[in-house]
Amino acid sequence: MISEPKEPGLTQLTGETVVRVERLSKVYRIGATQLRHNTLRDALVSTLKRTGKGGNSGTLRALDNVSFEVRRGEVVGLIGRNGAGKSTLLKVLSRITEPTEGRAEIRGRVASLLEVGTGFHPELTGRENIYLNGAILGMRRTEIAAKFDEIVEFAEIERFLDTPVKRYSSGMYVRLAFAVAAHLEPEILLVDEVLAVGDAAFQDRCLGKMGDVARSGRTVLFVSHNLGAIKRLCPRSIWVDSGRIARIGTSGDIIGAYLDSAGSHGGSWQPNDESHDAQARSVTVCAMNMLTKAGSRASRFQMDESFSIEVAYSVLSSLENLRVGFTITADDGTVVFESKDTDPADYGRSYAAGNYTARCHVPGNLLNAGRYYVTLIVDRPHQELLFRRDQALSFAIQATDGAGLRAGDTRLGLVRPILEWSCEDTLEEARQQNADS
Amino acid sequence: MLRTSDRAAAVTTSVERPRTAASLTIIEPTRGIASLQLRALWEYRELLGFLAWRDIKVRYKQTALGIAWIALQPLLSTVVFTLVFGVLLEVPTNGAPYALFSLAALVPWHYFAGSLSRVGTGLVSSSNLITKVYFPRLVIPLSGVLSTLVDFAVGFAVLLILVFVYRVPLTPNVLWLPLFLLLAIVAALGFGLWLAALNVKYRDVNYLIPFLLQLWMYATPVVYGATLIPEEMRWLMALNPMTAVVEGFRWCLLSGTMLVAPSSAPLVLLSAGISLTVLVTGIVFFRNTEKTFADLV
């Protein structure tokens, strides 16, 4: 049903359809018993947002009449807000949960990677966990044995192979977990936001590995908040919104359209009732604003103008190790930078119940002219994500003529710092040196 | 777009493809009674093995005595029961030494109790797997009864040693032993499946299981013999499948001092019938609630 224009590289992929999804719906019944368990949060919290909208009271349509097709060898990105239904879709396609209506057909061996290190046991050694995790992901013992050395090498844990993984650093743990997953060889791979772990260098290697997988002709469905990665890896993308497919097309178009719709809030944002439901019980975000130096709200700044981003939140019960931060993204999805309120102190602080406002001062002469988005993230580092709002704010930086720049003098790049330059007359110096000698 | 066919949620069938031997997976809502999924279970036999192996491996990690605990658990219970019921209360054992009399019952009982609680809580404690990966969910309860067999083997070895120590002659009755073990497995799996599926929705089961097992042990002739019960009441005891298992073990190993005579075969059959019924209904119940596990757990 989707035959949007394809990128040139895709035209040879006239392959058969390997994933066919027809009018798939998933309805969650929200009863007291279901909400009681914390573990449900993953699946539900995000989707709770839509309670009020559509659907009967007490039920919520996490997926609503979703249809699409994917051909052999395609790498397709799935984007959308938290709770839009992306993860639910992957769960249904992975057969973890059953759809309520509709049908999907998948041709070929499927592996899903919804988390790295599923089934890892802290008491078992690296070697044992490789076998266990491999089996859980659907690999045969012989397959794991054949790939064992490669996995160990990729994870760089040779020396700790026989150490229980509970003694691993979190970096080693993630590397090992990803290494096992990366050596799966399914025909169809479903991946959910697994790259959001590990350090930047390792994330790059993971993306590289994903690229290899994509190039080796396997079919991949890839969910990520990292729009830059989606753009790089996936020629085509599906934008999921409120359980429905909002648009399908080339990733460039889809990301643009998605950001456009997301950025409608401008320089200030207040959660409405829906997003309140999605918030963790311990913290509620009340408002997020962008302010000029003078303190008035704005969503348009001059290039050399400083501004601040302010997050007002309530802590409902005293909480330790809380961290508020944001990510600034350019309009092609590239992350420009991230900042956390804990940056000076390194660790989250403890909060008593009450209302707080965190304010971050962003200097002028930092961002280049263009449109940017602010994603709000409230979490407890290494413990839990409390709240995330993708592209909560959008703002524009306008080219200025001040500070040594003439109007119309454009620069490439996302940042446009004013750096110090010096210039000496080297000819004069040389002449003097000659005279001296 | 609902299909009318009664197809299981995910039927995997091999379809001949020219380019690759790709399998076709159909995902749709289950209607009617879910199939047993024997083929899928067979495909996941390695995972079953790995999960059972993980259980065994992890269970006694970081314990000073390690695997010795497997042997110590029934031995320590035997010592306590021998003191209380054998020496103080002088429970009649039809001539068998009380230690042997109780250990012969404790070994299968420990197997049953261990399996039942492992199967009953297995789904919930594996929730991280259930919400992240697909595999036939029956693998988890099956790995529970499987991994407990290792404990059983060790306990049984200790029991055999004790049999030789007391110089009790082995008789051909021993050949019936595997059947009684099978009965214990069937009972543990059957009741366990019911509890496991209920536990997903009602965490109360977690609290219920230890209490249930304690009551159940005293309802089963573990510390006493079935002969203590009046003859006309024994059929009531047979409603509890573990009676047949426990008395069966004694009959196989201590036949000279027998309690369950061949004449009680109908009672054993009654126990077996009940176990099988619980197992079959347990599987049906489990398979039909399975689709909600990932949403509820």
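Parameters at a glance
Residues numbered from 1 in each chain as written. Chains lettered and ligands numbered in written order. Predicted model: local features only at pLDDT ≥ 70, side-chain atom pairs only at ≥ 80, totals over all residues. Helix = DSSP H or I, 4+ residues; strand = E, 2+ residues; numbered from the N terminus. Contact = placed C-beta atoms within 7 Å. Buried ≥ 20, exposed ≤ 12 C-beta atoms within 10 Å, placed from the backbone. Core = buried A, V, L, I, M, F, W, Y, C linked by C-beta atoms within 7 Å. Domains from an automatic or database assignment. pLDDT = per-residue confidence, 0-100. Nonpolar A, V, L, I, M, F, W, Y, C, P; charged D, E, K, R; others polar. Pairing = 2+ DSSP bridges.

This paragraph deals with the environment of tyrosine 60 of chain B. Residues and elements named next belong to chain B. Looking at the element boundaries, tyrosine 60 is found in the loop between helix H2 (45-59) and helix H3 (68-88). A C-alpha to C-alpha distance of 39 Å links tyrosine 60 and arginine 234, two positions 174 residues apart in sequence. In contact with tyrosine 60, not counting residues within four places along its chain, are Gly66, Ile67 and Trp69.

Residue and element names in this part refer to chain A. Summarising burial for helix H3 (residues 86-93): 8 of the 8 residues are buried, a large majority. All buried positions along H3 are accounted for by Lys86, Ser87, Thr88, Leu89, Leu90, Lys91, Val92 and Leu93. Arginine 95 sits one or two residues past H3 and shows a positive phi near 70 degrees.

With that out of the way, let us pick up the nonpolar core. One finds Phe222 of chain A together with Ala104, Phe112, Ala184 and Ala188 of chain B to be the most contacted residues of the largest nonpolar core, which totals 183 residues. Both domain 1 (8-109 + 186-261) and domain 2 (267-398) of chain A contribute no fewer than three residues apiece to this core. Sequence-distant contacts of alanine 188 of chain B, defined by excluding residues within four places in its chain, comprise Phe112, Ser115, Leu116, Val119 and Val145 of chain B.

A few words now on the confidence of the model for chain B. Residues and elements named next belong to chain B. Of all residues in chain B, 88% have pLDDT values of 70 or greater, and the mean over the chain is 82. At the level of individual helices and strands, chain B shows its lowest average pLDDT in strand E1 (residues 10-14), which scores 36, and its highest in helix H7 (residues 177-201), which scores 93. Across the interfaces of the predicted complex, the ipTM metric reaches 0.79, alongside a pTM of 0.73.

Contacts between the two partners involve 44 residues from chain A, matched on the other side by 36 residues from chain B. At the level of elements, strand E1 (17-29), helix H1 (32-36), helix H2 (41-48), H3, strand E4 (101-107), strand E5 (110-113) and helix H4 (126-136) of chain A are the ones that each hand at least two residues to the side of chain A that touches chain B. Per-class residue counts for the side of chain A that touches chain B are 16 nonpolar, 12 polar and 16 charged. Relative to strand E2 (residues 23-27) of chain B, E4 of chain A is paired through 4 bridges, and the arrangement is antiparallel. Note on E2 of chain B: the bridge partner recorded for glutamate 105 of chain A is isoleucine 26 of chain B.

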